[in-house]
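Now for the letters of each chain:
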Amino acid sequence: MTAAQGVLLRPITMGLLLQSLFLLFLLLLGSCLHPAAAFPKGCYPSEEEGLKTFRCSNAQLTEVPRDIPNDTNKLYLDFNQIPFLPRDAFRDLPLLLELDLSHNAIARIETGAFQGLAEHLHSLDLSSNRLVSVSKDTFSNLKAKVNLSHNPWLCDCRLQELIRAVELVAESSGGIVCDSSTQEEHVGKAFLQVIADTDLCNVYKKTTDIAMLVTMFGWFAMVISYLVYYVRQNQEDARRHLEYLKSLPSKQRRSEESSTISTVV
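Residues numbered from 1 in each chain as written. Predicted model: local features only at pLDDT ≥ 70, side-chain atom pairs only at ≥ 80, totals over all residues. Heavy atoms only, no water.

S.K.: Let's hear about the confidence of the model for the protein: which residues, and what values?
M.R.: Summarising the model, the protein shows a mean pLDDT of 80, and 63% of its residues fall at 70 or more. Low confidence marks residues 29-37, where pLDDT is under 50. Its contacts with residues over four positions away, or in another chain, come to 0 contacts. The low-confidence segment residues 260-265 (pLDDT under 50) makes 2 contacts with residues lying over four places distant or belonging to another chain. (pLDDT = per-residue confidence, 0-100. Contact = heavy atoms within 4.5 Å.)

The structure is reproduced here in structure tokens:
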């Protein structure tokens, strides 16, 4: 290679190097702007009917993902193994409209789990989980229609208060069935049918009142028994003392009697 050829090739080599560096920069910039690798395996964003959707259906999740885009409108976490919902689980999703948590293993929901969703959320699906009992405060201020069907519910006053505090999805109400109950005859029945005939909170109150009356009667009986025992014991002691006085000689008896009377006075 001549010196002239070397001079000509040098700018070309430099240009190729700069082009390669520029392409590398674009790749790095793209990975920063679109961090797809940050999403859990099986999760992906999309757009459906003009709404930003994030799908994690059947992704073998055991907790609510942390890297959900905060402009998500529809979130699908169905068919996973999520066991419980912690407080503030969805606090970074202020624009969420629909939340599908059906077909999981949710057995416990902390109060405040749906905090921050009250303004926009209009659909919440908790069907086909393992919910037995949930406080009505869990859904405080939530305006969404809720699906609570196909859970192993304990039918009691707490569930009655919950059902009256939320707006149920109309076609889901028949799927809320008593898996267990404070009253055995309610097991296997639709809960809305049960509370149409029985006020479980009133029954609970009556049961509590009866328990309190029984307890008070027990204490009263114990006090009376103690007083009766105390009186009888004193009577027995007095009788024995009188017999003892009768057995003494007359002078000593009069002295003992006067001593006894002065002691009593």
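S.K.: Pulling in residues and values, what's your account of the sheet that holds strand β7 (residues 123-125)?
M.R.: Spatial ordering of the open sheet is given by β1-β2-β3-β5-β7-β8-β10, a layout of 7 strands whose pairing is mixed. This sheet does not close on itself; its edge strands, each paired only once, are β1 (44-48) and β10 (167-168). Of the pairings in the sheet, the one linking strand β2 (residues 51-55) to strand β3 (residues 74-76) comprises 3 bridges and is parallel in character. In the strand pairing of β3, Thr 53 is matched with Lys 74. (Pairing = 2+ DSSP bridges. Helix = DSSP H or I, 4+ residues; strand = E, 2+ residues; numbered from the N terminus.)

S.K.: Quick one: what's the story with the environment of Phe 139, residue by residue and with numbers?
M.R.: By secondary structure assignment, the location of Phe 139 is in the loop between β7 and β8 (145-147). Taking the C-alpha atoms as reference, Phe 139 lies 8.6 Å from Ala 113; in sequence the two are 26 residues apart. Beyond its immediate chain neighbours, meaning those up to four positions away, Phe 139 contacts Phe 114, Leu 124, Leu 126, Val 134, Val 146, Leu 148, Leu 162 and Val 166.

S.K.: Go over the pairing of β1 with me, naming the residues and quoting the values.
M.R.: With 5 bridges connecting them, β1 and β2 associate as antiparallel partners. Across the sheet, the residue bridging to Glu 48 is Leu 51, located in β2. In textbook terms, the turn of a hairpin is the stretch between consecutive antiparallel strands, and for β1 and β2 this stretch comprises 2 residues, one of which, Glu 49, has a positive phi near 55 degrees.

S.K.: Please provide a residue-by-residue account of the state of the cysteines, values included.
M.R.: What is meant by a disulfide is a covalent connection between two cysteines, made through their sulfur atoms. Taken as a whole and assessed by the stated rule, the structure comprises 3 disulfides. Between Cys 43 and Cys 56 runs a disulfide, and the two sulfur atoms are separated by 2.0 Å. Note on the Cys 43 and Cys 56 pair: the S-S dihedral is about 125 degrees, so by sign convention the disulfide is right-handed. Here the residue Cys 43 occupies a position in the loop between α1 (3-33) and β1, and Cys 56 occupies one in the loop between β2 and β3, the gap between them amounting to 13 residues. Taking relative accessible area as the criterion, Cys 56 reaches 0% and is therefore assigned buried. Between the sulfur atoms of Cys 155 and its disulfide mate Cys 178 the distance is 2.0 Å. The chirality of the disulfide connecting Cys 155 with Cys 178 is left-handed, given an S-S dihedral of about -105 degrees. Placement of Cys 155 in strand β9 (residues 153-155) and of Cys 178 in strand β11 (residues 178-181) is noted, with a sequence separation of 23 residues between them. Side by side, Cys 155 and Cys 178 carry an identical accessibility label, which is buried. If the cysteines joined by disulfides in the protein are listed in sequence order, their pairing comes out as 1-2, 3-5, 4-6. (Disulfide = S-S within 2.5 Å. Buried < 20%, exposed > 50% of the residue type's maximum accessible area, 1.4 Å probe, protein only.)

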